[in-house]
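# Fold and contact review
Single-letter residue listing:
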Amino acid sequence: MTSLETHIGKFKLNSCLYNASGPKCTTEEELLNLFESTSGVVLSKSCTLEPRDGNKGIRYWDSSKDINRWDLISINSMGLPNNGYLYYVDMIPKLYEKAQLLGIRKPYIISVAGLSLEDNLKIIETINQSKKSFHTLIEVGIELNLSCPNVIGKGQLAYDFYALEKYLDGIFKLDMKYIDIFGVKLPPYFELSHFETVAKILSQYPIDFITCINSIGNGLVIDVETDKPVIEPKNGLGGIGGSLIKPTSLANVYNFKKLLHNIDIIGCGGVTCGRDAFEHILCGASAVQIGTQYMVENVGCFDRISKELIEIMESKHYKNIEEFKGKLLQ
Ligand code: RRO
């Protein structure tokens, strides 16, 4: 039997494919829907201390309905709309109940994107305390988002290397005893020296995983019928996703895999089919997240992409992902 099982830190996943934080993971209904799907993890929308409506106007567009499209492109400037961190903490007992009911074991990862270090410390502390009462009953992790491109007036923290180090110093002073795994979501890097600098910073902390990459920030997509950008906030600038960004996400997974030996890499960016997931794993990804394609196709994408990935593995006589993970030939 060909298996898609994998590990991220101490989590054992039945499938290496799961949702990226962002699309369709904000409400209880969406999170329970993910729980019942074949997604290997339930990952939440990034949360802040207080609930947020996000940016105003048309703030998401993708090319899936564009008959002239040559590729799947998405652009978003959501601006971190979410129900506030307590909503996502309250999902821990709800998912536990669902797990008992369905007899399914599936980890829950909360994406955290507080607007300051103090906010993040408070959010992480609360998740840790809350998890204490459910210790051993449900696995809970944190993906700290250091790379949101769309909060007006705020840059992407992980592009400021000095600030990144100070931030992680602050975070790792916290007691996170009950949090099963902790990772960070990074923006795309393009300069080889930046991979080395960031890897050196990350290696100082007990980080279980990194997710590479967030959307490529501040892109511009234009509608030539109207001569306007397709989205409205920030003069039309937004994070780019979809198959267009796969070469950049693969390069980020590949470069960090070479530099980080005790940190698992989660590939994210441009995964629309089994072949894309296979390429991410070949570059060193232990698991692969699906963003724009999940937005377009809904939870059915996990079944389809799993099936396609298994077909590729079978054609190459691989029985599990360890047999080809990180084995890109040169
Ligand atoms: O909500 C958003 O605008 C958003 C976030 Br937090 C993120 O991390 N990446 C992205 O493309 N959009």
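For the structure itself, look to the data block above.
Attention here is on the structure that accompanies the text.

Conventions and cut-offs
- Residues numbered from 1 in each chain as written.
- Predicted model: local features only at pLDDT ≥ 70, side-chain atom pairs only at ≥ 80, totals over all residues.
- Heavy atoms only, no water.
- Helix = DSSP H or I, 4+ residues; strand = E, 2+ residues; numbered from the N terminus.
- Rg over C-alpha atoms; globule rule 2.2 N^0.38 Å.
- Areas by Shrake-Rupley, 256 points an atom, 1.4 Å probe, with all protein chains shown as cover.
- Near = heavy atom within 4 Å.
- Polar contact = N/O pair within 3.5 Å; in protein donor to acceptor, adjacent residues only side chain to side chain.
- Nonpolar A, V, L, I, M, F, W, Y, C, P; charged D, E, K, R; others polar.
- Axes fitted to C-alpha atoms, helices over the stretch in contact; angles between N-to-C directions.
- Parallel < 35°, antiparallel > 145°, perpendicular 65-115°, else oblique.
- Left-handed = near helix turned anticlockwise from the far one by under 90°.
- Contact = heavy atoms within 4.5 Å.
- Phe/Tyr/Trp six-rings, centres within 6.5 Å; stacked < 30°, edge-to-face > 60°.
- Buried < 20%, exposed > 50% of the residue type's maximum accessible area, 1.4 Å probe, protein only.
- Lys NZ or Arg CZ within 6 Å of the ring centre and 35° of its normal.
- Disulfide = S-S within 2.5 Å.
- Pairing = 2+ DSSP bridges.

## Some details on the overall build of the protein
For the protein, the count of helices and strands is nine helices and 16 strands. Its C-alpha radius of gyration of 19 Å places the protein within 12% of the 20 Å reference for a compact globule of 330 residues. In terms of its C-alpha atoms, the protein occupies a principal-axis envelope of roughly 55 × 50 × 45 Å. When the accessible area of the protein is evaluated, it comes to approximately 14600 Å², of which 53% is carbon and sulfur surface.

## Topic: the site of the ligand
Around the ligand, the surrounding shell consists of Lys 45, Asn 76, Met 78, Gly 79, Leu 80, Pro 81, Asn 145, Cys 148, Pro 149, Asn 150, Asn 214 and Ser 215. Measuring from a nitrogen atom of the ligand, one finds a side-chain N or O atom of Asn 214 at 2.8 Å. Taken together, the residues of the shell around the ligand break down into five nonpolar, six polar and one charged.

## Some remarks on the packing of helix α4 (residues 161-171) against helix α5 (residues 192-202)
It is the contact of α4 with α5, at a shortest axis distance of 10 Å, that shows an interaxial angle of 15°. Relative to α5, α4 is oriented roughly parallel. The handedness of the crossing between α4 and α5 is right-handed. Listed contacts from α5 to Phe 161, Leu 164, Glu 165 and Leu 168 of α4 are His 194, Thr 197, Val 198, Ile 201 and Leu 202. Of the residues that constitute the contact of α4 with α5, the class distribution is six nonpolar, two polar and one charged.

## Observations concerning the packing of aromatic side chains
What the rule picks out here adds up to twelve aromatic pairs. Seen from their ring centres, Phe 172 and Tyr 205 are 5.4 Å apart, and the 20° between their planes marks the pair as stacked. In this pair, Phe 172 is assigned in the loop between α4 and β9 (181-186) and Tyr 205 in the loop between α5 and β10 (209-212), connecting sequence segments 33 residues apart. Consider the rings of Phe 195 and Phe 256, whose centres lie 5.1 Å apart with planes at 75°: the pair is edge-to-face. Pair noted here: Phe 195 is in helix α5 and Phe 256 is in helix α6 (residues 246-259), with a separation of 61 residues, a long-range link. Each member of the pair, Phe 195 as well as Phe 256, is classed as buried. Sitting over the face of the ring of Phe 35, Lys 106 holds its NZ or CZ atom 5.7 Å from the ring centroid.

## Describing the state of the cysteines
Throughout the structure, instances matching the rule amount to zero disulfides. The thiol sulfur of Cys 16 is not disulfide-bonded, and the nearest other cysteine sulfur, from Cys 301, lies at 13 Å. Summary of cysteine pairing: Cys 148 is not part of a disulfide, and the nearest cysteine sulfur, belonging to Cys 47, is at 13 Å.

## Considerations on the sheet that holds strand β5 (residues 60-62)
The four strands are arranged β5-β6-β14-β11 in an open sheet whose pairing can be described as antiparallel. Pairing within the sheet leaves two strands with one partner each, and these edge strands are β5 and β11 (216-220). Pairwise comparison of adjacent strand axes, ignoring direction, gives a mean angle of 35° for this sheet. Looking at chain direction, β5 and strand β6 (residues 73-76) are connected through three bridges and run antiparallel. Paired with Asp 62 across the two strands is Ser 74, which belongs to β6.

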